[in-house]
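For reference, the chains in residue letters:
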Amino acid sequence: MTNYVDFHRRSIDDREGFWGEQAQLVHWHEQPTQVCDYSNPPFAKWFVGGKTNLCYNAVDRHLVDRPDQNALIFVSTETEQEKIYSFRDLHAEVQRMAAILQAQGVTKGDRVLIYMPMIPEAAFAMLACVRIGAIHSVVFGGFASHSLASRIDDSQPKVIVSADAGMRGGKVVPYKHLLDEAINLADNKPARVLMVDRGLAPFAKTDGRDIDYAELRAAHMDTVVPCEWVDATHPSYTLYTSGTTGKPKGVQRDTGGYTVALAASMKHIYMGEPGETYFSTSDIGWVVGHSYIIYGPLIGGMATIMYEGLPIRPDAGIWWSLVEKYKVTVMFSAPTAVRVLKKQDPAFLTKYDLSSLKALFLAGEPLDEPTAKWISEALGKPIVDNYWQTETGWPILAICNGVESAPSKFGSPGKAVYGYDVKLIDESTGEAITEANKKGVVVVEGPLPPGCLQTVWGDDKRFVSTYWTSFPSKQMYSTFDWGVRDEDGYYFILGRTDDVINVAGHRLGTREIEESISSHPAIAEVAVVGVADQLKGQVAMAFAVLKDASRAANADDARKLEAEVMKVVDDQLGAVARPARVRFVTVLPKTRSGKVLRRAIQAVCEGRDSGDLTTMEDPAALAQIKDLVTPA
Ligand code: ATP
Ligand code: MG
């Protein structure tokens, strides 16, 4: 087998050959005539001339070899349900859903907005859309009406698929009134709202608009809905970024490139084999849910677990019990979830038989070394950090195990993934950095590989101006993350470019300071932000959550611990990186997808308005910080 350096180089130098081969991992109704058309940069068209269907590759294709194998395993610890769909069952359900959508007049190119909890019908709806060439736009269930309304206006759906309620931690979270409010607020009203009634929360119906899923499903039990063969470049879906740095951007994904990219990633990155079980703990509202709860595992002929519930309910062993029960081989989660587990009894991690599990993949936020080590030792399994964005749809940086079994380095999401011509750019000169261990902005030289965003939905100009104009060379896609590469080609992400702190002329990534603080045994998680300071330009401020809150129960204890933490930073990074204050809080403000909202913390610390908070999980978290930093 070729070594990874050669494998990667070929993916860049012989793009046509490399991706032409990967394309053979999927089914084409008509083979592409051109691998990549980059005649109009930065717009890349992959697999031009090819016709395929995402649903066909995820479902129908497996009816020959594995019709009775598990495809979708639904587990809800909220409603105490467990339901398994074979590929044959899934095929039938998706056709029923597709028939319902068609009966409402949905055809190729129409948008369908999906605002749903983690239930199988959400998966049916996604697959049904791409089956008939409709473009889905999943909005995280539980987003408030204002966020939902702006997404309705942006995607202008003909139909919205929703449910009466989600559940979280044993509490019913009703959706329908939020949806009704959002439709009221929106300028574009959908013709129909298809309601899945779980019987959790009674809701008001709008005559002529709201229709009942169960009733319509019963009328379409045996309907056959063939796959619509679409051009490889036909959009499959739109999805919004998490909104960590401001207003979310509507990412538009293609069909052919995405199918190929996911199929290849199952083989080269996730090491998932047909017949095995994949368990991603994300939500269908996020990109990880799209790529690695629904499409990736199914394209790869794997069973996928769709889990509704918390990681610690009924207890912190729930995920691992599912690994044992369903012989999960590949698991995918986020650092934020691991930090939740870190606060629980570690005995839960060894209570179950995890022998089937090959590796735990983590993405979404910087994975600090102490957390990575903790989970790796507790599970006794390889931990693979992988770095990517909603925009890219699959990893930019990772360890590609299919082609290289290089050990991963703690604190690093690995090397540039095949297909990505990753570079570090010096912000002051705009030039690519060639030497090791020098900090710069992580960019990808165009064209972006298959599977990445085609454009910003309905706004080509925004696509170009947002991502491709940071540097004099217009061929560089900016990730807006700041990083460094070591002599072995491993990257380390240091934080977002707007999170870089400038203390008396020293540029520091918030991530470096956070990593250092996390190494103190009392700390569960921490956020560091730069705050304007008259003397130094900026100072670092840290807000930390303790594993055991009683360690800072009174002001004296808190001061003592604060001094200890500062000492750790002094010793590891030097006094220049020492935060001005380390404050203890019980929870950090995060987006619903689990990312720390550093810009909001910074704004509060500087007494400014905290901006768009529509994707925030728990407003009380920010209030806590406000109380701490506002002089009494
Ligand atoms: P927005 O773009 O709307 O501000 P967002 O960037 O948080 O929101 P996502 O696409 O969900 O939206 O997140 C991608 C970002 O998450 C990356 O750009 C990076 O900052 C961070 N990230 C993801 N994975 C990792 C990782 N493994 N290590 C470090 N950072 C990561
Ligand atoms: Mg982003």
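These numbers come from a predicted model, not from an experiment.

(A) Molecular detail of the domain arrangement of the chain. For the chain, the domain assignment lists domain 1 (55-65 + 86-228) and domain 2 (500-629). Tallying the contact residues gives seven residues for domain 1 and four residues for domain 2. Of the roughly 470 Å² buried between domain 1 and domain 2 on both sides combined, carbon and sulfur atoms contribute 54%. Summed over the three residues of domain 1 that lose the most area to domain 2, namely Phe140, Phe143 and Arg168, the buried surface amounts to 58% of that side. Summed over the shared surface of domain 1 and domain 2, the result is one salt bridge. The partner of Arg168 in a salt bridge is Glu617, and the shortest N-O contact between them spans 3.1 Å. Inspection of the domain 1/domain 2 interface yields one residue pair in polar contact (both at pLDDT 80 or more). In terms of residue class, the side of domain 1 that touches domain 2 is made up of two nonpolar, three polar and two charged.

(B) A look at the state of the cysteines. Tallied over the full model, the rule gives zero disulfides. Among the cysteines around Cys55, which has no disulfide bond, Cys227 carries the closest sulfur, lying 5.1 Å off.

(C) Representation of the UniProt feature "domain: Acetyl-coenzyme A synthetase N-terminal" (unreviewed entry) in the chain in the model. UniProt's entry tags residues 4-58 with the feature "domain: Acetyl-coenzyme A synthetase N-terminal" (unreviewed entry), counted in the numbering of this structure. Taken end to end, residues 4-58 comprises 42% helix and 27% strand; its first and last C-alpha atoms sit 28 Å apart.

(D) Summary view of the pairing of strand β9 (residues 165-168). Strand direction decides the pairing type here: β9 and strand β10 (residues 171-174), joined by four bridges, are antiparallel. Note that in β10 the partner of Met167 across the bridge is Val172. In sequence, β9 turns back onto β10 through a hairpin of two residues, with Gly169 there showing a positive phi of about 60°.

(E) Quick look at the nonpolar core. By size, the foremost hydrophobic cluster in this structure holds 113 residues, and its most contacted members are Trp19, Leu127, Tyr270, Tyr292, Tyr295, Trp394 and Tyr418. The residues touching Trp19, leaving out its near neighbours within four places in the chain, are Ser11, Val35, Trp46, Phe47, Val260, Ala264, Trp394, Tyr418, Gly419, Pro449 and Pro450. Residues Ala303, Ala316, Leu354 and Ile375 belong to the second largest nonpolar core, which totals 30 residues.

(F) Structural view of the packing of aromatic side chains. Counting across every chain of the model gives 36 aromatic pairs. Taking 6.1 Å as the distance between ring centres and 75° as the angle between the ring planes, the aromatic pair formed by Phe143 and Trp286 counts as edge-to-face. Residue Phe143 is located in the loop between β7 (135-138) and α6 (145-155), and its partner Trp286 is located in the loop between β16 (277-280) and α10 (287-299); the two are separated by 143 residues in the primary sequence. Overall, Phe143 belongs to the buried group, its relative accessible area being 3%. Of the residues examined, Trp286 reaches a relative accessible area of 12% and is grouped as buried. Judged by centre distance (4.5 Å) and plane angle (50°), the rings of Tyr270 and Tyr292 are tilted. Separated by 22 residues along the polypeptide, Tyr270 in the loop between α9 (256-268) and β16 and Tyr292 in helix α10 bring together distant segments of the chain. The pair Tyr270 / Tyr292 is uniform in exposure class, with both members buried. In this structure an aromatic cluster arises from ring pairing among Tyr4, Phe7, Phe18, Trp19, Trp28, Trp46, Phe47, Trp394, Tyr418 and Tyr420.

(G) The pattern of salt bridges, seen in detail. Inspection of every chain in the model, using the stated rule, returns 38 salt bridges. Among the ionic pairs, Asp180 bridges to Arg209, the shortest N-O distance being 2.8 Å. Taken together, the residues Asp180 in helix α7 (residues 176-185) and Arg209 in the loop between β11 (192-196) and β12 (210-212) connect sequence positions 29 residues apart. On the accessibility criterion, Asp180 (19% relative accessible area) is buried. Of the charged contacts in the structure, one is a salt bridge between Lys409 and Asp488, with a shortest N-O distance of 2.6 Å. One end of the pair, Lys409, is in the loop between β21 (397-398) and β22 (415-416); the other, Asp488, is in the loop between β26 (476-485) and β27 (491-496), and 79 residues separate them in sequence. Linked through salt bridges whose partners overlap, the residues forming this network are Arg339, Glu365, Asp368, Glu514 and Arg598.

(H) Focus on the UniProt feature "domain: AMP-binding enzyme C-terminal" (unreviewed entry) in the chain. Those places that UniProt annotates as "domain: AMP-binding enzyme C-terminal" (unreviewed entry) correspond, in this numbering, to residues 512-595. Annotation note: span residues 512-595, helix share 31%, strand share 31%, distance between end C-alpha atoms 17 Å.

(I) Quick look at helix α12 (residues 335-342). Counting buried residues in α12 gives seven out of eight residues, a clear majority hidden from the surface. Inspection of α12 places Pro335, Thr336, Ala337, Val338, Arg339, Leu341 and Lys342 among the buried residues, and these make up the whole buried set. Against the buried residues of α12 lie α11 (318-326), β18 (328-333), β19 (359-362), α13 (369-379) and β30 (523-533).

What counts, and at which threshold
Residues numbered from 1 in each chain as written. Chains lettered and ligands numbered in written order. Predicted model: local features only at pLDDT ≥ 70, side-chain atom pairs only at ≥ 80, totals over all residues. Heavy atoms only, no water. Domains from an automatic or database assignment. Contact = heavy atoms within 4.5 Å. Buried area = accessible area lost by both parts, 1.4 Å probe. Salt bridge = Lys/Arg side-chain N within 4 Å of Asp/Glu carboxyl O. Polar contact = N/O pair within 3.5 Å; in protein donor to acceptor, adjacent residues only side chain to side chain. Nonpolar A, V, L, I, M, F, W, Y, C, P; charged D, E, K, R; others polar. Disulfide = S-S within 2.5 Å. UniProt positions renumbered as here; feature names shortened; annotations may be inferred. Helix = DSSP H or I, 4+ residues; strand = E, 2+ residues; numbered from the N terminus. Pairing = 2+ DSSP bridges. Core = buried A, V, L, I, M, F, W, Y, C linked by side-chain atoms within 4.5 Å. Buried < 20%, exposed > 50% of the residue type's maximum accessible area, 1.4 Å probe, protein only. Phe/Tyr/Trp six-rings, centres within 6.5 Å; stacked < 30°, edge-to-face > 60°.

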